[in-house]
Each structure stands twice: as C-alpha cells, then as structure tokens.
Amino acid sequence: MLTAKVLITLKKSILDPQGNTIKRALNSMGYPEVADVRQGKMMEVKLNDMAREKAVAIVDEMCQKLLANPVIEEYSFELVED
Amino acid sequence: MLTAKVLITLKKSILDPQGNTIKRALNSMGYPEVADVRQGKMMEVKLNDMAREKAVAIVDEMCQKLLANPVIEEYSFELVED
Amino acid sequence: MEAHVWREMGLKDNEYARVVELLGREPNYLEIGIFAVMWSEHCCYKTSKPILRLFPTEGPAVLQGPGENAGIIDIGDGQAVVFKMESHNHPSAIEPYQGAATGVGGIIRDVFTMGARPIACLDSLRFGAIDNDKTRHLVHGVVAGIAGYGNAIGIPTVGGEIYFHPSYQGNPLVNAMCVGLIEHTGIAKGIAAGEGNPVMVVGARTGRDGIHGATFASVELSEESEEKRSAVQVGDPFMEKLLLEACLELIKTGAVVGIQDMGAAGFTSSACEMASRGDSGMELELALVPRREEGMTPYEIMLSESQERMLVVPKAGMEAKVTEIFDKWGLEAVVVGKVTADGMMRLKEDGVVVAEIPAKALTDNAPVYHNPDSEPEYYQRNKNIDLSQFELGCDGNQALLQLLASPNLASKEWVYRQYDHQVGANTVILPGSDAAVIRVRGTAKGIAVTTDCNSRYVYLDPYKGGALAVAEAARNLVCAGAKPLGVTDCLNFGNPEKPDIFWQFKQACMGVADACRALQTPVTGGNVSLYNETNGVAILPTPTIGMVGLVEDLAQRMTQDFKQVGDTILVIGALAGSLAGSEYLSLLHGVEAGDLAAVDLAYEQKVQDFVLAQIKQGRINSAHDCAEGGLAVAIAESCFAGELGVKLSLPASDHVASLLFGEAPTRFVVSATAANSASILSRANELGIKAWQVGTVQGESVQIEVNRTLAIDCSVKELKQVWRNALPDLLA
Amino acid sequence: MKFGVVVFPGSNCDADCFHAVQDLGHPVEYIWHKDLDLKGSDCIILPGGFSYGDYLRTGAIARFSPVMEQVISFAQNGGLVIGICNGFQVLLECGLLPGAMLRNDILQFRCQDSWLRVENTSTPFTNLMHAGQVLRVPIAHGEGNYFIEPEGLLQLEAQGQVLFRYVNQAGQVTPEANPNGSVGNIAGICNATGNVLGMMPHPERCVDELLGGAHGKLIFQSIVAWFERR
Ligand SMILES: Nc1ncnc2c1ncn2[C@@H]1O[C@H](COP(=O)(O)OP(=O)(O)O)[C@@H](O)[C@H]1O
Ligand SMILES: [Mg+2]
C-alpha cells in the first residue's frame, strides 16, 4: 500500500498566530534559542494499490481540490510504501 | 540556522474524527482509492545557532514538554540546515 | 482465578466471593471484568446508595425521578424539561481538552436519549490555585474542550461556575449539565423489553478507548493511574450532532422500545441496565459489533468507552426503519443481538457463549456498603474561632477591589465568551447574571438554569453547606424571575472509605435533602464522584447543585443589574453577614474557618416566594442574590452592566467587615422605583420578612456609608475594570 | 418572496435562520445538503454551524455537497445568497467570494456582541440602512479572521464590496473593536455583482428585542425590499 504524507503550511506571507504563541511559550519556558515557529498540518493518506505515477497525480489533485486552500496555504507531499 | 521539522500524530489507537471525516469526503468526491486518512500537526521550529547534538536534545525536550501531548500523541522530528 | 486478577480490576475479595455465589461457579475473565465495572462505585453507587435515599425525589411535577438517564419535570402545556449533571473529573485531570469535551458529549447523550432536544448546557468547574502553571494549563484545556464540543454540536453553554482552591490542585472537578425540552408524549426510556426484539448498536464504531474508565473514576489518582489508563477517549461532536438528530427522528417514529447511550463502562452498562430495567435478558453476538480496530477481544468490546454510541431496542420488524434513518444521517446501525425472557446477559463470540450472567446480579444485586462515618477533628476546631478579630485592616476600597479581583468573584466572561451561549437564538438572559434563561419557543415561558456550590462552606459544615448550595441555586433562579422546580446534583467527594470523608458526604447529603424538601425542589437525578483525592488528600467536599426553574412569562424575567438612576436599593431577608467561610476571610486574612450561619429553610422559602411575587407583579427592576463577597460585592456587581453608581447608607455596626463583606443565606439586593419600594417594604413587614432601604442608584461611584463615614467610595469604572480584567490577567 | 435555508449535517443555526425569516412573515423552507433543487427559493441562506464538523478547514468539505452546485449556479445567475458565519466560510471555499478565513488571532472562540458599521447601502442586503449606521450584532466563531491579499483588498474596497466593518460603539474602526484579526476590520463582504453576501456576525440572533436587540432584521428586510422593488 502507498501512503501519501501531505504537508500543508500557511504561506510565508501570512501571519501564523498559533506558531507565534508556541514560540513565545517556548521562549518563556526557558528556550531562548527558539527563533521562530510555524505550524502546519500533516496528513497521512493511505491509498489502495495503484501505480506510483497515478498516485502522484491523484494526491496532487486532492490537495488542490480539497486538502489545501490555495489562497492561504501551500502543500507538498511524498509517497511512501508500507 | 537549524530548523526542526516536528511531526505530531495521534497514537494509532486514538480516534481521529478529523481524519475519518476527510476520508469520507474524499471517497464521496470520487476517490474511492483512499483507504484511510489520519491528520496530524507539523511544526517548523527555527533555532538560533547551536550544535546539532544539543539541538536534538532540546527539540526532544520541547516535544515532550509542550509540543506533543504524550497522552494521545506521538512525535518525530528531523533537523535540517538552512 | 487468581486473586490479583479481580483485585487489579478493583474488586475486593468479599465481592469476588459474592460473584461466585451469585453465579454458582467461578467467573471467567470476561465475566469478572463485567462485574468489576458494574460493581464499581461509578456504576452501582455501592457506598452512596444508602445516603442517596435521603433525597426527596417526588413531587407533583416530577415525571421521571432518579433511575433513568435523566430526570424529567413538567412545565405545563404538555411540555417538560429533562436534565442531568455528570462529572468527568479524572479524565479531565489527565487530558483536559478531551476529558472535558467527552464529559459534555456524555451528558448531552443522557438527555437526548430520553427523546428530548437539548436546549442548554452548564459547566461547574473547580481548579487548584490559579497562580500555578499546571492550573492554567488545565483551565485553558478544559474550557476549550467544553467550548469545542458544545459549540460544534450547537447547544448553547449558558452558565456554570468556576472556582479556585488549592485542594483541587491534583484533582480538578469538571461537572457538566445538560437541559432538554420534551413533549410528554415523546418520552423514551432505557429499557429492553419484549422477547425477540432486536438489539442494535448505532453511531460510532467501537475502539479500544478508555477501557475501564468507570473503574478509573472510582480510584484515587496516583502515579499508577497513568499506567492503568488505556487509550483516552476522544470526542467527535460532529458525529454526536448526527447521532442526536438521528435518535430524535427515530424516537418520533414510535418504533423504539428502549434506547440508552453508552457512557461509562460502555456496552456492559447499557446492556445490563436496559435488560435489568425491563426485567429481561439480552443475548449479544459480539462478532457483529462494528469496530474501529482489528483483533479486539470480547473483553475489550464490552468495556470500551468509545464515544458517540447508543444501544437501541426497536420493535421487532422495525430494523430496516432504524437503518434507514441512521443511513440518512450517515451513521451505522447494526443488529447485534436480541431481547430474551430469561433475565440473562448472554454474550457470544461467533456463536460460542463467552459470558453468561443474570442481569440483575450486575445491577440490583450489587453490593451495598454502610460505611462508618465520624466527625473529623477539624470540624469543632474551625467552628470555635473568634471571628471578630478579623476587622478590616485596610481601607474599604482596597478590600473591595481585592475581592473583585479574586478569581472566585471576578467576572467569568473569560470563560463564557469562549462558549457559544446564543446558538439556538433562545437565550433570553445570557451568562453573567444569577441564572440564565432560555425561551421556550412558541410559548411565553422560559427555563431558568443555574449550578451552585460553595465548597468552602461545605467543608466547614457539610450539613449547612449542602443546604446552602440548594438555597443559593434557588435564589439564583428567583432572581431571574423563575420558580425553582427541581434539582440534579453531582456529589464530588474524597475517598468514602475514610470515616471523616464519609461523614462529610452523609452530612452534606442530609443538608441537600432537607433544603430540597423545604424548597420543594425534588432531586430527579445526579451523579456521584468519589475518590477525588491526590496522594491521600481530599478535595473540599463539593456537592454541586444544578437547578432548573420556570419563568412563566418572559415579560416578567429579571436580571441583576441596576436599571435606572433614582431607583431605591433594598436589601431583603437579612442585612449583615458573617465572616465564617467568607471569601473576605480567606483572601484578606488567609483563614478558612468559622461557624456558618444556619439556613432557616422556612424563612428562606418565604423570602424567595416573596421576592418572586414582587418580580411577577412588576415592582422590581433588578434582583441579585447576595452571595460570596457579601453585600458590598453584590452591590458592585449590580452596578457593572449599566455602569451606574450608588449611594448607600447602612445602619450602624460594630463590625464593619461583617457588614460589608460578611456572607449570609437568604439575602437579596433589589432595586425599585421609590413608590414601589414603599409597597415592597410594607408588604414585607406584613409577612414578617426583614427588609431595609439602604440607598439609591445615582452618580458614577459606589459609595457606602457606615457609622457616618464613607467606608467605600470608588468609581464604578475602576471597580469594573478590576473585576473584568482579573481572570484574563491571571490566566494569561 | 421565498427563502431557502440549506442544512448541512453539522449546521446548527439553520433553525435560527428559518425562524428569523418566518417570524418576519416570509415563506421559508429547509434544503437538505443532498437535495438537488432549491425549491423555488428567491434567496438562499447558508447558515452557521460546523457543516462537516469543520474538520480540515471550516467550510472546506461542505462546498462539495450536492446542493452547493445548485447554489453556485443560482448565485452566478444573479440569485441572492447570504452566508452567515460558517456559511460565509463555505462561500469563500467555493470561490463565490474572494479571500479565506484564518483562525481568530486570539486563538479562542469568541461569543459576544459586536458593533458593525454599514459601509455600502446600495446593495440588496443593506438598502434599508443608512451610510455609517452602527448595528449591534453578535458574533460566535473561532475562525473569523478574514484574509485577502493586498491587491484583492484594494479591489474590494474600490468596488464597495466591504459591507460591514467591526467598529466600536461610536462607529470608529479601532484595533480593539476587531474581535478576530480580520484585515481592515472586515466583518462582511459581497461579490462584485452584489448578489452574494458573506458575514461572520449572526443577524438571525438579533431579530427580537427579547433576545436583546433587533438590528439583524434590517438585513432580512433589506433583502425583501430589494426583491420586491426589483
Ligand atoms: N464555567 C462557567 N461557564 C459558564 N458560565 C459561567 C461559568 N462560571 C461562571 N459563569 C457565569 O458567570 C456568572 C457569575 O457566576 P457566579 O459568580 O458563580 O454567580 P453566582 O454567584 O450568582 O452563582 C453566572 O452567570 C454564571 O453562570
Ligand atoms: Mg454561584
């Protein structure tokens, strides 16, 4: 079976209040080394047997259609065999 | 600068309502090949200059203390140079 | 079977012997697991049952008392309210967001399983000292969890409480209450009856969540509980919303014989309780149960606490109808067994019997304990402290500002603005007043709801404290213009095997019982949560009272805020309070002691009736219960919404602190026009009710004169700012 | 004029919207998300709630409901559509309105009154209001932080597509009056042709003095007035 590991992040130009809050929390917990945090989503999409090229095509399509919102987000993915 | 890419996922035995709903949506949108979806979080933590070993140690510590919730989540991370 | 097996499941040796006796043989592993959860305190109330019998449970309006998934009280016109409160303390201590969220999910299911549409939720919360990172983490998680679940499912969370006290440090309390509305003709029950009727499981699939949660709720928290815990339950409010709609649609068809949600102890308790209530047996084929994970054993299936599931017994032949309705909502509904006539719980796996237990053995024949109780040593000692030594050490403004900034008295807006308290477009009185009021669409009526408990009082004097909690809840409803109707409770205490804890429990319940009897608010259900201790130290005894009342005509509803300049301010019932157990004494002097004033229940009832009557006659413009923080705090609170000032002149006193900040039962602060004030006073006088005219609404400051000097003179703006910002600042 | 209220499985303000227009005396019908026709509605309401649990992103899954194809073509043909709260999020996801919704900058759900300044009164949704009028309408959301790229924003402003802005009681746009971090304090926008409105605040929750205010009525009454004058 193939699993697509999809990463979805806010575009760099968009403020990430959640990431900022985590950064501040880490700083105040005694990690001054933390310079920045950005939070995103990760999805593991398990696919029934299919050819790799086909999988690449449909995962890309799913990302564009549903999984990511192109107005605010970017995505990337890799396929792993398990 | 080092960036830690932290992946946080729900433990396998824990219900993932988000993932289930996304799976059903993908199936009904015409992707019957999708067998399962699990959703997790991704965090990019930028660290000020430090030795790699030290970075591994403190990122691990941050994951345990704040970033992941050990009761329901698991984490993994890799360090990349940028 | 080796002793460690049942002991690890929480059964005592004598209980095991009783199991063998009831079965007439040794149980197998699955059977003993079932006994262990069904005989846990959480499911069978083995130590609390004899005490709970003290509660009055009947009254002309009670349609359903304790014993069902929720109680029901008539509100006229063929309608009724369904309500219940439940604790989710231990799960919330471990995983605050999901623990609180699934607590809300569970109590909502208890209400819609009766056929009612939920119309409101409340949450009563207790945490450790606020200046502690762990506490803040818990508060954020719990409040977000309640919001996350309630907001998504679309039931307004309209009220509750939040208190901070070090005794809750390791063991916070999360009590959730849900109120629903039903037609008398649409009431469903949790029974399995009619030999041959199918048993169906509907909703979510079964996974390995929270196995042994019920047992877990019945032991003290310790390092080990981290180990014992299997997977934590995760809630899915979206699934529950679908389940709610599907169940209500199904119940309306009349196809249902019985229906019950799966809460603590999952399949086991729903199946046994339904069979036992129906004097029936039940046969289940576990292989048919839809699961989320592979390789689950019968033991895991029976004990799983996966959320958002229900057990339904439809009439034979109606299976397809059930499936059709659930299918419409995108949910599974599967036949997993049938009702039998032999009174046995018979579980099969692929046709092979894996457990066989008489249903009544698990319910009616559960052990009952009469624990010893003894008065703790602290009780007399605390009582005998001379409180006159705690006079104001600072100026009155300072004390008032400090009290308003105390997290226990400060505005709770930080909490309730995270809750959607308006969804449904029926919330007529929003959180922030004494009680919230929900309109009953299509009528002039409203349902008023509140939760109350001052656990410091209960600690100092459990009997009086229990009674005071009930009296306060009723006063809060009266202040909204409602007649109190009935009570649900959540009894949170420490380890009942300790005689002083059991004494607290028993005394508190006696107080609750007497007050409920006097105020004619029967107890229609509730929940007991014992073993709330960390490392051997118990929480303050906390019998949370949830109360519902009826506003007959919403045009007569009332709120606590002063409405107009020139109105006269009256104090009705009592004037000065006592420092015993007061927030003032604790906050400013670090002392929690004193002999609480007793509640004169007959007088309490008379004063409440009087105030309600005055509200209904339209004589009163605002009514506020004078509770924690005493008179000065109550007055200040009434000033905030409209940002109106007051000028008060109080009768001479030789103890200014008690007059301003002392606490007392049976005390209302109301405002009225000068003309109405006169008639209120004379009517009170006729009835033997004490009432004082203390000042007027005017200016922009709270000015309170005692003994011819201004004890308090502070701008409303400043007071309000301190009061509003306290919680956000403390929790930031 | 007839209203239709779309019901997604996780909608929870559907009944509130239904009653709001019904109480104003207009015919209204529910439209199930699997339905394929709009039952002759003249105005479609996409109500608040959590259409599909709001998992993934708010409104993201709802836009693929069967009924949404009908709603999209109805809107493209000039039909009146109003999306409230979650309905606004759905309209953004399906592209009937520009921009996207982010999590509230305070990272918490907010349920409270908000004050809205009416920015354009020449639309079907605002024609009974006067310019600069301040309405009190409650909000209740966790993701109402409206975002649009700067060029898009310029265009919205230039074309008068911003209909409501969060302001203080005196009608001023201030950072304190912004409850969620929305760019330009934006609370509600319409499409370029003016027939589709999305707003985060809940007008259906304030159509009755019993509920503490009735400013929400103005929106529904404007719709009817516009429709009847048309
Ligand atoms: N946890 C909570 N959830 C919702 N509302 C709350 C919560 N805590 C307090 N409130 C609301 O804040 C107001 C003040 O609460 P409280 O000080 O306990 O009032 P009272 O003393 O009248 O019982 C009430 O309207 C109450 O319902
Ligand atoms: Mg209270």
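As the structure is a prediction and not an experimental result, all values here were calculated from the model.

Okay, the sheet that holds strand β28 (residues 709-715) of chain C next. Residues and elements named next belong to chain C. Across the sheet, which stays open at both edges, the seven strands sit in the order β23-β25-β22-β26-β24-β27-β28 with mixed pairing between neighbours. Whereas interior strands pair on both sides, the edge strands pair on one side only; in this sheet they are β23 (622-625) and β28. Direction aside, neighbouring strands of the sheet carry axes that sit 20 degrees apart on average. In the sheet, strand β27 (residues 701-706) pairs with β28 via six bridges, with the strands oriented antiparallel. Paired with I704 across the bridge in β28 is I712. Docked against the sheet, helix α27 (residues 716-731) engages β27 and β28, running at close to 70 degrees with respect to β28.

This next bit is on helix α24 (residues 630-640) of chain C. In terms of residue burial, α24 of chain C counts as a mostly covered element, since 11 of its 11 residues are buried. Of all the positions in α24 of chain C, only G630, L631, A632, V633, A634, I635, A636, E637, S638, C639 and F640 of chain C are classed as buried.

After a rotation of 180 degrees and a shift along the axis of 0.0 Å, chain A superposes on chain B with an RMSD of 0.2 Å. Taken together, the rotation and translation describe the operation of a two-fold axis. When C-alpha distances to the rotation axis are compared across chain A, the minimum falls at K41 of chain A, with a value of 2.3 Å. Here 100% of the contact residues of chain A are again contact residues in chain B; the copies associate through an equivalent surface.

The subject of this paragraph is the nonpolar core. One finds V45, L47 and L67 of chain A, I108 and F326 of chain C together with F164 of chain D to be the most contacted residues of the largest nonpolar core, which totals 159 residues. It is helix α11 (residues 237-252) of chain C that provides the largest number of residues to this core, a total of 10 residues. A435, V487, L519 and V656 of chain C belong to the second-largest nonpolar core, a separate cluster that totals 96 residues.

Once that is clear, we can look at the interface of chain D and chain A. How big an interface is tends to be reported as the loss of accessible area on association of its parts. Counting residues at the interface gives 16 residues for chain D and 17 residues for chain A. When chain D packs against chain A, close to 1,300 Å² is buried across both sides, 65% of that on carbon and sulfur atoms. Interface area lost by chain D to chain A is led by L56, R57 and L107 of chain D, which between them contribute 39%. Close ionic contact of E73 of chain A with R57 of chain D constitutes a salt bridge, the shortest N to O distance being 3.6 Å. If one sorts the elements of the side of chain D that touches chain A by residue count, strand β5 (residues 100-102) of chain D sits on top with three residues. In the side of chain D that touches chain A, the residues fall into nine nonpolar, one polar and six charged.

Once that is clear, we can look at the interface of chain A and chain B. Taken together, the contact pairs 33 residues of chain A with 33 residues of chain B. Looking only at chain A, the three residues that lose the most surface to chain B are Y31, E33 and M42 of chain A, adding up to 21% of its buried area. For the pair chain A and chain B, the number of links is two salt bridges. In this structure, E33 of chain B and K54 of chain A form a salt bridge, with 3.9 Å as the shortest nitrogen-oxygen distance. Where chain A meets chain B, there are 12 residue pairs in polar contact (both at pLDDT 80 or more). Of all elements in the fold, only β1 (2-10), α1 (17-28), β2 (34-47) and α2 (52-67) of chain A reach the threshold of two or more residues within the side of chain A that touches chain B. In terms of residue count, β2 of chain A provides more of the side of chain A that touches chain B than any other element does, 14 residues in total.

As a further point, take the environment of C43 of chain C. Counting through the fold element by element, C43 of chain C comes out in helix α4 (residues 41-44). It is 26 Å that separates the C-alpha atoms of C43 of chain C and L248 of chain C, two residues lying 205 residues apart in sequence.

The next subject is the confidence of the model for chain D. Of all residues in chain D, 100% attain a pLDDT of 70 or more, and the chain-wide mean is 96. Among the prediction metrics, the complex's ipTM stands at 0.93, with pTM recorded as 0.95.

Before going further, it helps to spend a moment on the arrangement of the chains. Among five pairs of chains with at least one contact, chains A and B form the most extensive contact set. Contact between chain A and chain C is absent, and the minimum C-alpha spacing across the pair is 11 Å.

Residue and element names in this part refer to chain C. Summed over the entire model, instances satisfying the criterion amount to 65 salt bridges over all chains. E15 is the partner of K46 in a salt bridge, and the nearest nitrogen-oxygen pair spans 2.9 Å. Within this pair, whereas K46 is found in the loop between α4 and α5 (49-52), its partner E15 is found in helix α2 (residues 13-23), the two being separated by 31 residues in sequence. Residue classification places K46 among the buried residues on the basis of a relative accessible area of 7%. E15 sits in the buried class, given a relative accessible area of 1%. Overlapping salt bridges bring together E283, K338, D342, R346, K348 and E356 as one network.

This paragraph deals with the packing of α24 of chain C against α27 of chain C. Residue and element names in this part refer to chain C. Where α24 meets α27, the axes come as close as 10 Å, and the angle between the chain directions of the two elements is 95 degrees. Classified by the interaxial angle, the pair formed by α24 and α27 is roughly perpendicular. Between α24 and α27, the residues in contact are E637, C639 and F640 and V716, L719, K720 and W723, respectively.

We now examine the site of ligand 1. All names here are of chain C. Around ligand 1 sit 18 residues in total, of which D123, E161, G432, S433 and D452 are the nearest. Here a nitrogen atom of ligand 1 and a backbone polar atom of E161 are 3.1 Å apart. Contact between ligand 1 and G432: an oxygen atom at 2.7 Å from a main-chain N or O atom of the residue. Computed on the free molecule, ligand 1 has an accessible area of 560 Å², of which 89% lies beneath the protein chains in the complex. Looking at the shell around ligand 1 element by element, the count peaks at four residues for strand β5 (residues 157-164). Across the shell around ligand 1, the residue classes tally to six nonpolar, five polar and seven charged.

As for its position among the elements, A75 of chain D is in helix α2 (residues 66-76). Once you skip the residues sitting within four places of it in the chain, A75 of chain D turns out to touch V81, L96, N195 and V196 of chain D.

Further remarks concern the side chain of S114 of chain D. Residues and elements named next belong to chain D. As for its position among the elements, S114 is in strand β6 (residues 110-118). Note on S114: relative accessible area 5%, which makes it buried. Engagement of the side chain of S114 in a polar contact is seen with the backbone oxygen of V137, the distance being 2.7 Å. Non-local contacts of S114, meaning those with residues more than four positions away in its chain, are made with L135, R136, V137, P138, I139, Y166 and P201.

Our next topic: unusual backbone geometry. The phi angle at Y45 of chain C is positive, at roughly 55 degrees, despite the residue not being glycine. Checked against the element boundaries, Y45 of chain C lands in the loop between α4 and α5. Non-glycine residue L107 of chain D carries a positive phi angle of around 65 degrees. Locating L107 of chain D in the fold gives a position in the loop between β5 and β6.

Right, let's get into the packing of helix α17 (residues 396-404) of chain C against α24 of chain C. Residue and element names in this part refer to chain C. Two elements in contact, α17 and α24, have axes whose closest approach is 10 Å; the angle formed by their N-to-C orientations is 70 degrees. As far as their axial angle goes, α24 and α17 are roughly perpendicular. Both α17 and α24 take part in a crossing whose hand is right-handed. Mapping the contact onto sequence places L400, L403 and L404 in α17 and A632, V633, A636 and F640 in α24. Partitioned by chemical class, the residues of the contact of α17 with α24 number seven nonpolar, no polar and no charged.

About the cut-offs
- Residues numbered from 1 in each chain as written.
- Chains lettered and ligands numbered in written order.
- Predicted model: local features only at pLDDT ≥ 70, side-chain atom pairs only at ≥ 80, totals over all residues.
- Heavy atoms only, no water.
- Pairing = 2+ DSSP bridges.
- Helix = DSSP H or I, 4+ residues; strand = E, 2+ residues; numbered from the N terminus.
- Axes fitted to C-alpha atoms, helices over the stretch in contact; angles between N-to-C directions.
- Contact = heavy atoms within 4.5 Å.
- Buried < 20%, exposed > 50% of the residue type's maximum accessible area, 1.4 Å probe, protein only.
- Least-squares fit on C-alpha atoms with pLDDT ≥ 70 in both.
- Core = buried A, V, L, I, M, F, W, Y, C linked by side-chain atoms within 4.5 Å.
- Buried area = accessible area lost by both parts, 1.4 Å probe.
- Salt bridge = Lys/Arg side-chain N within 4 Å of Asp/Glu carboxyl O.
- Nonpolar A, V, L, I, M, F, W, Y, C, P; charged D, E, K, R; others polar.
- Polar contact = N/O pair within 3.5 Å; in protein donor to acceptor, adjacent residues only side chain to side chain.
- pLDDT = per-residue confidence, 0-100.
- Parallel < 35°, antiparallel > 145°, perpendicular 65-115°, else oblique.
- Near = heavy atom within 4 Å.
- Areas by Shrake-Rupley, 256 points an atom, 1.4 Å probe, with all protein chains shown as cover.
- Left-handed = near helix turned anticlockwise from the far one by under 90°.

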